[in-house]
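Given next are the chains, with one letter for each unit.
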Protein chains: 2
Amino acid sequence: MAEQHELRDRGLRLTPQRELVLAAVRELGHATPEEVAEKVRQSHPGINLSTVYRNLETLENVGLVLHTHLGHGGATYHAAEELTHLHLVCGVCGSVGDAPIEAAASFVTSLADDFGFRTDVSHFAIYGTCADCFDPNL
Amino acid sequence: MAEQHELRDRGLRLTPQRELVLAAVRELGHATPEEVAEKVRQSHPGINLSTVYRNLETLENVGLVLHTHLGHGGATYHAAEELTHLHLVCGVCGSVGDAPIEAAASFVTSLADDFGFRTDVSHFAIYGTCADCFDPNL
DNA sequence: AATAAAGATGCGAATCCCTCGCAAGTAGTG
DNA sequence: CACTACTTGCGAGGGATTCGCATCTTTATT
Ligand SMILES: [Mn+2]
Ligand SMILES: [Mn+2]
Ligand SMILES: [Zn+2]
Ligand SMILES: [Zn+2]
């Protein structure tokens, strides 16, 4: 018989902590492990940070969650189904803007054609200077 | 009178450690602070890791050195004059391939035109799967 | 419903990587 | 040579992530 839960379907046990971590990632958009923990603690105060780390890793292994690198430091997590945009990170003000992933389509195609390289444009941020920080007047 | 040394020219004192750190970055291509320290220790065994970190930062401040993010962890350093390529990092085998920076030219242009965003395509790696790891046969 | 085995959790300790504080040493200046 | 500012080595400090392990839970089986 077919399974009936997105976690069990992927061979994972269903624990309250696990469900809460996944729900938190989905609600938060971009989130660091620390932010996920904070969110989860709103309903389950006792959750341990290492449990959050372990579940993020587990959920990533089964494809429900992905991580990206938006800054010089640690990773941030996304629900897998939401990772449909580029991250434009400004090195001056630190803002994280979004751009449609299609903006990179021809770049991705040419890397594939010319180098045989399959690009995941969302894994690392696109780094630079945002319009506000570049424009001298404002 | 004009100055005569690339470090003094930029207002920096000339110390053996500083020169060695810069030389190591130039010889190594991509290097982590730890790797730079190792290299420098070949001729100056007593150098301290924090001295390496401090000098990398100082050299970066005056534009002789730059850092990039090639992996999930810390930064790697380049001589500024060498940073003329994209880094294609394979998530499967970990290889770091190079591609000419022109491969991103139209992508950079469209981000500027459409979003006013000035992109530094070398600061973060381009992440994906290399030809060897993608091609099933080999 | 009771049992057993595998897997998950909480907790504290341990790592890793990088930054600081400070006293001693050194480069640049005249 | 003497002075001052900058650097260095070293040890301590921090933040983030990972581990080890004893104690629960979940799930599959009686
Ligand atoms: Mn950076
Ligand atoms: Mn990553
Ligand atoms: Zn900005
Ligand atoms: Zn590869």
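Residues numbered from 1 in each chain as written. Chains lettered and ligands numbered in written order. Predicted model: local features only at pLDDT ≥ 70, side-chain atom pairs only at ≥ 80, totals over all residues. Heavy atoms only, no water.

## Here's the deal with the nonpolar core
Inference 1: Residues Leu86, Phe107 and Ile126 of chain A together with Leu86, Phe107 and Ile126 of chain B are the most contacted members of the largest nonpolar core, which totals 23 residues.
Inference 2: Excluding residues within four positions of it along the chain, Ile126 of chain A makes contact with Leu86, His87, Leu88, Val89 and Val121 of chain A together with Phe107, Leu111, Phe117 and Thr119 of chain B. (Core = buried A, V, L, I, M, F, W, Y, C linked by side-chain atoms within 4.5 Å. Buried < 20%, exposed > 50% of the residue type's maximum accessible area, 1.4 Å probe, protein only. Contact = heavy atoms within 4.5 Å.)

## What about the protein's contact with DNA strand D?
Inference 1: Neighbouring DNA strand D are 21 residues, the closest being Arg13 and Tyr53 of chain A together with Thr15, Arg18 and Thr51 of chain B.
Inference 2: Within 4 Å of the protein, atoms of DNA strand D come from sugar and phosphate in 64% of cases.
Inference 3: Between Arg54 of chain A and DNA strand D, the recorded distance is 3.4 Å, taken from a side-chain N or O atom to a base oxygen.
Inference 4: Ser50 of chain B is positioned such that a nitrogen or oxygen atom in its side chain is 3.2 Å from a base nitrogen of DNA strand D.
Inference 5: Secondary structure elements with two or more residues in the surface near DNA strand D: helix H3 (49–61) of chain A together with helix H1 (16–28) and helix H3 (49–61) of chain B.
Inference 6: Looking at side-chain class alone, the surface near DNA strand D contains five nonpolar, ten polar and six charged residues. (Near = heavy atom within 4 Å. Polar contact = N/O pair within 3.5 Å; in protein donor to acceptor, adjacent residues only side chain to side chain. Helix = DSSP H or I, 4+ residues; strand = E, 2+ residues; numbered from the N terminus. Nonpolar A, V, L, I, M, F, W, Y, C, P; charged D, E, K, R; others polar.)

## Overview of the relation of the copies chain A and chain B
Here the second copy of the chain follows from the first by a rotation about an axis and a shift along it.
Inference 1: Overlaying chain A on chain B yields an RMSD of 0.3 Å, the required transformation being a rotation through 178 degrees with an accompanying axial translation of 0.0 Å. On this basis, the relationship between the two copies can be described by a two-fold rotation axis.
Inference 2: Most of the interface of chain A is mirrored in chain B, where 100% of its interface residues again form contacts. (Least-squares fit on C-alpha atoms with pLDDT ≥ 70 in both.)

## A look at the interface of chain A and chain B
Inference 1: Facing 33 residues of chain A, the contacting portion of chain B comprises 34 residues.
Inference 2: For the chain A and chain B pair, buried surface summed over both sides reaches about 2800 Å², with 74% attributable to carbon and sulfur atoms.
Inference 3: Summed over the three residues of chain A that lose the most area to chain B, namely Phe107, Phe117 and Phe124 of chain A, the buried surface amounts to 25% of that side.
Inference 4: On the surface where chain A and chain B come into contact, there are zero salt bridges. (Buried area = accessible area lost by both parts, 1.4 Å probe. Salt bridge = Lys/Arg side-chain N within 4 Å of Asp/Glu carboxyl O.)

## With respect to the sheet that holds strand S6 (residues 126–129) of chain B
Inference 1: Ordered by their spatial adjacency, four strands build an open sheet running S5(A)-S6(B)-S3(B)-S4(B), and the pairing between neighbours is mixed. Taken across any chain shown, the strands that pair with only one partner, and hence form the sheet edges, are strand S5 (118–119) of chain A together with strand S4 (96–100) of chain B.
Inference 2: Bridge analysis of strand S3 (residues 85–90) of chain B against S4 of chain B gives five bridges, and the strand direction is antiparallel. Looking at S4 of chain B, one finds that His87 of chain B is bridged to Asp98 of chain B. (Pairing = 2+ DSSP bridges.)

## Some words on the coordination of the manganese ion (ligand 2)
Inference 1: For the manganese ion (ligand 2), the full set of protein donor atoms is His67 of chain A (NE2), His69 of chain A (NE2), His123 of chain A (NE2) and His72 of chain B (NE2), at a range of 2.1 to 2.7 Å. One end of the pair, His123 of chain A, is in the loop between S5 and strand S6 (126–129); the other, His72 of chain B, is in the loop between strand S1 (65–68) and strand S2 (76–79), on a second chain.
Inference 2: A relative accessible area of 6% means that His123 of chain A is categorised as buried. (Donors = N, O, S within 2.8 Å, 3.2 Å for Na, K, Ca; no water.)

## Focus: the packing of H1 of chain B against helix H2 (residues 33–41) of chain B
Residues and elements named next belong to chain B.
Inference 1: Direction vectors running N to C along H1 and H2 enclose 110 degrees, while the axes themselves pass 9 Å from each other. Classified by the angle their axes make, H1 and H2 are roughly perpendicular. Like other packed secondary-structure pairs, H1 and H2 cross with a definite hand, here right-handed. Here Leu20, Val21, Ala24, Val25, Glu27 and Leu28 of H1 lie close against H2, whose contacting residues are Glu35, Val36, Lys39 and Val40.
Inference 2: Grouping the amino acids of the contact of H1 with H2 by side-chain chemistry returns seven nonpolar, no polar and three charged. (Axes fitted to C-alpha atoms, helices over the stretch in contact; angles between N-to-C directions. Parallel < 35°, antiparallel > 145°, perpendicular 65-115°, else oblique. Left-handed = near helix turned anticlockwise from the far one by under 90°.)

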